[in-house]
Amino acid sequence: LVGGWMAVQGSLTIGELTAFIMYQRQLQGPVKAVMFFNDKLQAGMAALERLSGLMDTTPEDGGEVEDIPVGPVALEEVSFAYPDAEERALKDLSLRVEPGDTAALVGSSGAGKSTASNLIARFWDPQEGRVTIDGQDVRTFDLKALRRRIALVPQDPTLFSGTVAENICYANPGAEEEAVRRAGELANAHGFIRRLPNGYATQIGERGVRLSGGQKQRVAIARAILKDAQVLLLDEATSDLDSESEAVIQDALDGLFARGSGLTSIVIAHRLSTIEDADTIFVMEDGRLVESGSHEELLARDGRYAELRALQHRSEEEVASVRSGERLTRS
């Protein structure tokens, strides 16, 4: 505006005004770069700090035994504390799961169920005691060989940007299309996958953002089914599913893995209804094993398991009562 007024007054030529505007625009870029340099510097420093922490991390070390035997999975007087933690997560924990059996770990939050599962997969090593497969310490096994024989379905499954089929095949990249489809059917995922725009070829986005929580878990379970596993770890894998889908998936897993040769299933469950048919139920509290046995045996003892089951049934009844009241109010 000022330049235009000066050009009209004759104190500035049109060429000088044009040159000034062009130079001013060229100057904007460097000025903006200087203004935002600190933001980029701070982001770079944060990334460098994370990279330095990763580089300083002690690499995992495994043994030399690559042939993983089929046998009982056991924790023998295991004590474990996370780094910088004041309390031990596990305290003299001992339990044994026979090959081919399904065992359940139950207990209140913070009882140490997931920690015990992580020790079996050697994500951590105990400070005291040992974790064994067929009597051999898992620290003697080659890490890759050990984890190839373990299928893990966590509570919050990790999915990658790609298609549904690619995410299922992550457990077995060379699997044929029919095997992938069969795994989807057994995980009760085939129905919703078929309704996706491109079926198994549908892109699900980074971390599976285009899928619901229950759909993500079904894909993760299909991935575990496709893997030729020896030990199956289910860490609250059905927590985000409705009761009907949960029952279908549980039946599918029971039927499939029951036919496996010596496959050991270890289920961490919040809903006690999902583990009533387990061969052995281990009840944990404050990092210790307080009781173990079958569903019927534990109910007969009227101990901690019976208490947890009664509390859960009471909560479910209260939720059902509230929902029933809401439906009556709407009607």
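Look above for the structure.
What comes next is a walk through the structure.

Definitions and limits used
Residues numbered from 1 in each chain as written. Predicted model: local features only at pLDDT ≥ 70, side-chain atom pairs only at ≥ 80, totals over all residues. Heavy atoms only, no water. Helix = DSSP H or I, 4+ residues; strand = E, 2+ residues; numbered from the N terminus. Buried < 20%, exposed > 50% of the residue type's maximum accessible area, 1.4 Å probe, protein only. Contact = heavy atoms within 4.5 Å. Areas by Shrake-Rupley, 256 points an atom, 1.4 Å probe, with all protein chains shown as cover. Phe/Tyr/Trp six-rings, centres within 6.5 Å; stacked < 30°, edge-to-face > 60°. Salt bridge = Lys/Arg side-chain N within 4 Å of Asp/Glu carboxyl O. Polar contact = N/O pair within 3.5 Å; in protein donor to acceptor, adjacent residues only side chain to side chain. Pairing = 2+ DSSP bridges. Core = buried A, V, L, I, M, F, W, Y, C linked by side-chain atoms within 4.5 Å. Axes fitted to C-alpha atoms, helices over the stretch in contact; angles between N-to-C directions. Parallel < 35°, antiparallel > 145°, perpendicular 65-115°, else oblique. Left-handed = near helix turned anticlockwise from the far one by under 90°. Nonpolar A, V, L, I, M, F, W, Y, C, P; charged D, E, K, R; others polar.

1. Overview of the overall build of the protein chain
Along the protein chain, the regular secondary structure elements total 11 helices and 10 strands. In the protein chain, which comprises 331 residues, the proportion classed as buried is 40%. When contacts within the protein chain are restricted to residue pairs at least 6 apart in sequence, those whose partners lie at least 24 apart make up 71%. If you sum the accessible surface of the protein chain, you get close to 19400 Å²; carbon and sulfur atoms cover 51% of it.

2. What about the packing of aromatic side chains?
Following the criterion strictly, the structure yields 4 aromatic pairs and no others. Ring centres 4.8 Å apart and planes at 80° place the aromatic pair Phe80 and Tyr82 in the edge-to-face group. For the pair Tyr82 and Trp124, a centre-to-centre distance of 5.4 Å together with 90° between the ring planes defines the contact as edge-to-face. Of this pair, Tyr82 sits in the loop between strand 1 (73-80) and strand 2 (90-97) while Trp124 sits in the loop between helix 3 (113-120) and strand 4 (128-133), placing them 42 residues apart in sequence.

3. Re helix 3
Counting buried positions over the 8 residues of helix 3 gives 6, a clear majority of the element. Taken as a whole, helix 3 has its buried residues at Lys113, Thr115, Ala116, Ser117, Leu119 and Ile120. Arg122 lies just past helix 3 and shows a positive phi near 65°.

4. Some details on the pattern of salt bridges
Under the definition given, this model contains 13 salt bridges. Salt-bridge contacts for Glu185 lead to Arg181; the nearest nitrogen and oxygen are separated by 2.8 Å. In this pair, Glu185 and Arg181 are both assigned in helix 6 (residues 177-186), 4 residues apart and thus about one turn of the helix distant. For Glu185, a relative accessible area of 29% corresponds to the partly exposed category. Taken together, the shared-partner salt bridges in this structure form one network comprising Asp61, Arg122 and Asp125.

5. A short note on the side chain of Arg122
Relative to the helices and strands, Arg122 resides in the loop between helix 3 and strand 4. For Arg122, a relative accessible area of 6% translates into the label buried. Within the structure, the side chain of Arg122 is placed 2.6 Å from the side chain of Asp125, a separation counted as a polar contact. Among all residues touching Arg122, those that are not within four sequence positions of it are Glu60, Asp61, Gly62, Val138, Arg139, Leu143, Leu146 and Arg147.

6. Comments concerning the pairing of strand 10 (residues 288-293)
Examined bridge by bridge, strand 9 (residues 280-285) and strand 10 share 5 bridges and lie antiparallel to one another. Following the sheet pairing, Phe282 is matched in strand 10 by Ser292. Where strand 9 folds back onto strand 10 in an antiparallel hairpin, the turn is made up of 2 residues, including Asp286, whose phi is positive at roughly 55°.

7. What to know about the pairing of strand 8 (residues 264-268)
The side chains of a regular strand alternate, residue by residue, between the two faces of the sheet. Across the 5 residues of strand 8, 5 count as buried, placing the element largely inside the fold. Where burial is concerned, the two faces of strand 8 agree: the one with Thr264, Ile266 and Ile268 and the one with Ser265 and Val267 are both buried. Bridging between strand 3 (residues 102-106) and strand 8 involves 4 bridges; their strand directions are parallel. Bridge pairing in strand 8 places Ala104 opposite Val267. Pairing between strand 7 (residues 231-235) and strand 8: 5 bridges, direction parallel. The residue bridging Val231 from the neighbouring strand is Thr264, located in strand 8.

8. A look at the nonpolar core
One finds Val164, Ile168, Ile275, Ile281 and Tyr305 to be the most contacted residues of the largest nonpolar core, which totals 41 residues. Of all the elements, helix 8 (residues 213-226) adds the most residues to this core, at 7 residues. Each residue touching Val164, except ones within four places of it in the same chain, is listed here: Ile193, Leu196, Gly199, Tyr200, Thr202, Ile204 and Val219.

9. Considering the sheet that holds strand 4
Pairing within the open sheet is antiparallel, and its 4 strands lie in the order 2-1-4-5. Where the open sheet ends on each side, the last strands, each with one partner, are strand 2 and strand 5 (136-137). As judged from the 5 bridges shared by strand 1 and strand 2, these two strands associate in the antiparallel manner. Within the sheet, the bridge partner assigned to Phe80 lies in strand 2 and is Leu90.

10. Side note on the packing of helix 6 against helix 8
Close contact between helix 6 and helix 8 brings their axes to 8 Å; oriented N to C, the two are set at 125°. In terms of axis orientation, helix 6 runs oblique to helix 8. Where helix 6 crosses over helix 8, the two elements pack in a sense that is right-handed. Of helix 8, the residues touching helix 6 (which contributes Ala179, Val180, Ala183, Gly184 and Leu186) are Ala222, Ile225 and Leu226. Of the residues that constitute the contact of helix 6 with helix 8, the class distribution is 7 nonpolar, 1 polar and no charged.

The values reported here are purely geometric and, on their own, carry no functional implication.
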